[in-house]
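Survey of secondary and tertiary structure
Letter by letter, the chains look like this.
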Amino acid sequence: CLTFTRAGAAEMALRVSEVLANWVRMKDEALAEDLHNIGAPVDAETRARARTLFASVLDCPGGGLRIDTIHAFSQYLLATFPEEAGIPPGSQALEDRDRDLLAREVLTGLLLTAEREGDAATLGTLAAISRSKGPDAVEAWLMRCARATELWQGPGAWQLPMRPRVCQLLGLPADATIELAAALCSDAQFDVVSLRRCAEIQAAWGTKTGLEACDFIGPWLAASPRERLERIEGFLGTLLTQKGEPKSLKNLEKLDPSYGDYVARVQESIRRVTDMRALVGLADELPPWLELGRKFALLWDEAKQREGFVDFDDQIRQAARLLESEGAAPWIRYKLDRRFDHILIDEAQDTNAEQWAIIHALIDDFFSGEGAHGDKLRTIFTVGDYKQAIFRFQGTSPENFEAAKRRVAREMEGAAANLELLRSNREPRRLQDLGLGQSFRTAAPVLDFVDGAIARIGRRQLGLKEEPGRHEGQERPGLVTLWNTVGAAAAEGDEDEEEGWQQASDLVMA
């Protein structure tokens, strides 16, 4: 059984042990009721078998069921096949405290080397990150780069210089400059016809607000494209509000009902200019950050190898590589195939792509012949809720869950079709997709609020493929309290800048 958190693994192990241990000593009537509640037969033979399951679990290889987090299972896998995984003898898992100490050591070494060698670029980038994002952001950014191993190693790894690669990623020419944004301000690119019509309507209105708009628009139209770009913010507070919305729209539409269309086209032209300027700005800002991140990431890998550490991300990555490699992977999968007949994935919505790669490697032989255990029934059971996907910052997404489900469905369909062609007396099995709208631990008022929130927000905004249906809770009192959002007040413009940077860094790391 693989789950996302240690707490989940511990709770699952406790529940299984408690239930099976209780079945051993239950009276027949109570045991029959338990079996009935899970849809099992209640005859004497089934009750007798139920009483033996606790002992069967204890007799499993290793002393019981394997109930782990995916990280713990990866650690077990690497420890079982260290030579095949290329793990140096004596390696140990990198705990949080060790990670913090090692990160400070690597960063200190990076700084001292840069100062000794007069590396102004490295020192300047470190200072720029600290000034613009705060002192803690330096280490956070560098560790994020260190986790993105696939960017710096292997086929297609990012190399210096990085600006052409960043431009490509942002959809810009490799030699993009700010002149691209200036060109969008020219008469050929900017909707100057609509802008002039807006100025005429504002002048006809004749108010102070209208005349202020005209006073800005006239000189702006007379300027060169580069000067227009430098003054583009001047539309805010004149033609548009500070939030970028049309000023006095209702009054101006009384003079000309088409005014809204004119100003909307001007807004679109302004948006294209500011978007291009932001993209070129990112193309200038990101490369030094990424070059610094690459330098730190390579030093980080060297330090881990030197100290004999393997961190959690390495465990997942190396376990997936171990199970997918062309050399020892088939033999390793065969050895694992002899140990596991049933795999249960809990919190499947929080399983990332590399973790799914491990799961797929474990179950591939379920669909390719009889495997190591002949015709014994093999099962994979996944439990997940798209609405509880809360770990996107760790690379997870419910889309991974959906992709995994489609893949298993295809493999099961193919195996079932082959079985039907063979005209075997074995029953073909296809993926069963089951929903659970009944909660056995949540009060109905809480789930009523959840249903209302989903309806108000919309399923697409939550990433749901289809309407989730009504949730049935326990008929008992429940309370939902809405708290006001509390946060630090950002300086004007900071919020947009921060959002743009976060989107860009997410795009690079993806």
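Nothing here was measured: the structure is a model prediction, and the numbers come from that model. (Residues numbered from 1 in each chain as written. Predicted model: local features only at pLDDT ≥ 70, side-chain atom pairs only at ≥ 80, totals over all residues. Heavy atoms only, no water.)

1. Section: the overall build of the protein
Secondary structure assignment for the protein yields 22 helices and 8 strands. Against the globule reference of 24 Å for 510 residues, the protein gives a C-alpha radius of gyration of 31 Å, more extended than a compact globule. When its C-alpha atoms are laid out on the principal axes, the protein stretches across 95 × 65 × 50 Å. The buried share of the protein, taken over its 510 residues, is 36%. (Helix = DSSP H or I, 4+ residues; strand = E, 2+ residues; numbered from the N terminus. Rg over C-alpha atoms; globule rule 2.2 N^0.38 Å. Buried < 20%, exposed > 50% of the residue type's maximum accessible area, 1.4 Å probe, protein only.)

2. Some details on the packing of aromatic side chains
One pass over the full model with this rule turns up 9 aromatic pairs. For the pair Trp141 and Trp289, a centre-to-centre distance of 5.8 Å together with 75 degrees between the ring planes defines the contact as edge-to-face. Pair noted here: Trp141 is in helix α8 (residues 135-147) and Trp289 is in helix α16 (residues 259-307), with a separation of 148 residues, a long-range link. You'll find Trp141 and Trp289 in the same group, each marked buried. Over the face of the ring belonging to Trp220 we find Arg228, whose NZ or CZ atom lies 4.9 Å from the ring centre. (Phe/Tyr/Trp six-rings, centres within 6.5 Å; stacked < 30°, edge-to-face > 60°. Lys NZ or Arg CZ within 6 Å of the ring centre and 35° of its normal.)

3. Looking at unusual backbone geometry
Of note, the bond from Leu160 into Pro161 is cis; its omega dihedral lies within 30 degrees of zero at -10 degrees. Positionally, Pro161 belongs in the loop between α9 (149-152) and α10 (163-169). Residue Ser248 is not a glycine yet carries a positive backbone phi of 50 degrees. Mapped onto the elements of the fold, Ser248 is located in the loop between α14 (225-230) and α15 (249-255). A residue is classified by how much of its surface remains accessible, and Ser248, at 27% relative accessible area, is partly exposed. Unlike most non-glycine residues, Glu347 shows phi in positive territory, near 55 degrees. Turning to its location among the elements, Glu347 is positioned in the loop between β5 (342-345) and α19 (353-363). Assessed through its relative accessible area of 27%, Glu347 is described here as partly exposed.

4. Quick word on the side chain of Asp451
As for its position among the elements, Asp451 is in helix α21 (residues 444-457). With near-sequence residues (within four places) excluded, Asp451 lies in contact with Gly469, Arg470 and His471. (Contact = heavy atoms within 4.5 Å.)

5. A short note on the packing of helix α2 (residues 28-37) against helix α3 (residues 44-58)
Contact pair α2 / α3: the axes reach a minimum separation of 10 Å and the direction vectors enclose 90 degrees. It follows that α2 is roughly perpendicular to α3 by the angle criterion. Residues Asp28, Leu31, Ala32 and Leu35 of α2 pack against Thr46, Arg47, Ala50 and Arg51 of α3. Class assignment for the residues of the contact of α2 with α3 results in 4 nonpolar, 1 polar and 3 charged. (Axes fitted to C-alpha atoms, helices over the stretch in contact; angles between N-to-C directions. Parallel < 35°, antiparallel > 145°, perpendicular 65-115°, else oblique. Nonpolar A, V, L, I, M, F, W, Y, C, P; charged D, E, K, R; others polar.)

6. Some thoughts on helix α1 (residues 6-25)
Taking 1.5 Å of rise per residue, 20 residues should cover 28 Å, and α1 covers 29 Å from first to last C-alpha, within 8% of that figure. Buried within α1 are the following residues: Gly8, Ala9, Met12, Leu20, Ala21 and Trp23. On its buried face, α1 is in contact with β1 (2-3), α2, α3, β2 (68-69) and β5. (Expected span 1.5 Å × (residues − 1).)

7. Some details on the pairing of β5
Within a regular strand, side chains alternate between the sheet's two faces. Residues of β5 alternate between two faces, with Ile343 and Ile345 buried on one and His342 and Leu344 left unburied on the opposite face. Pairing between β5 and strand β6 (residues 379-382): 4 bridges, direction parallel. If you follow His342 over to β6, its bridge partner there is Thr379. (Pairing = 2+ DSSP bridges.)

8. Points about the environment of Leu282
Positionally, Leu282 belongs in helix α16. With a relative accessible area of 14%, Leu282 lands in the buried category. Along the backbone, Leu282 and Cys198 are 84 residues apart, and their C-alpha atoms lie at a distance of 32 Å.

9. Side note on the nonpolar core
Formed by 63 residues in total, the largest nonpolar core has its most connected members in Phe190, Phe235 and Leu239. For this core, the leading source of residues is α16, giving 17 residues. Counting residues in hydrophobic clusters, the runner-up holds 36 residues, among them Leu78, Ala319, Trp356 and Val408. (Core = buried A, V, L, I, M, F, W, Y, C linked by side-chain atoms within 4.5 Å.)

10. Regarding the environment of Gln388
Positionally, Gln388 belongs in the loop between β6 and α20 (398-422). The class for Gln388 is partly exposed, based on a relative accessible area of 43%. Residues in contact with Gln388, not counting those within four places in the same chain, are Gln349 and Asp350.

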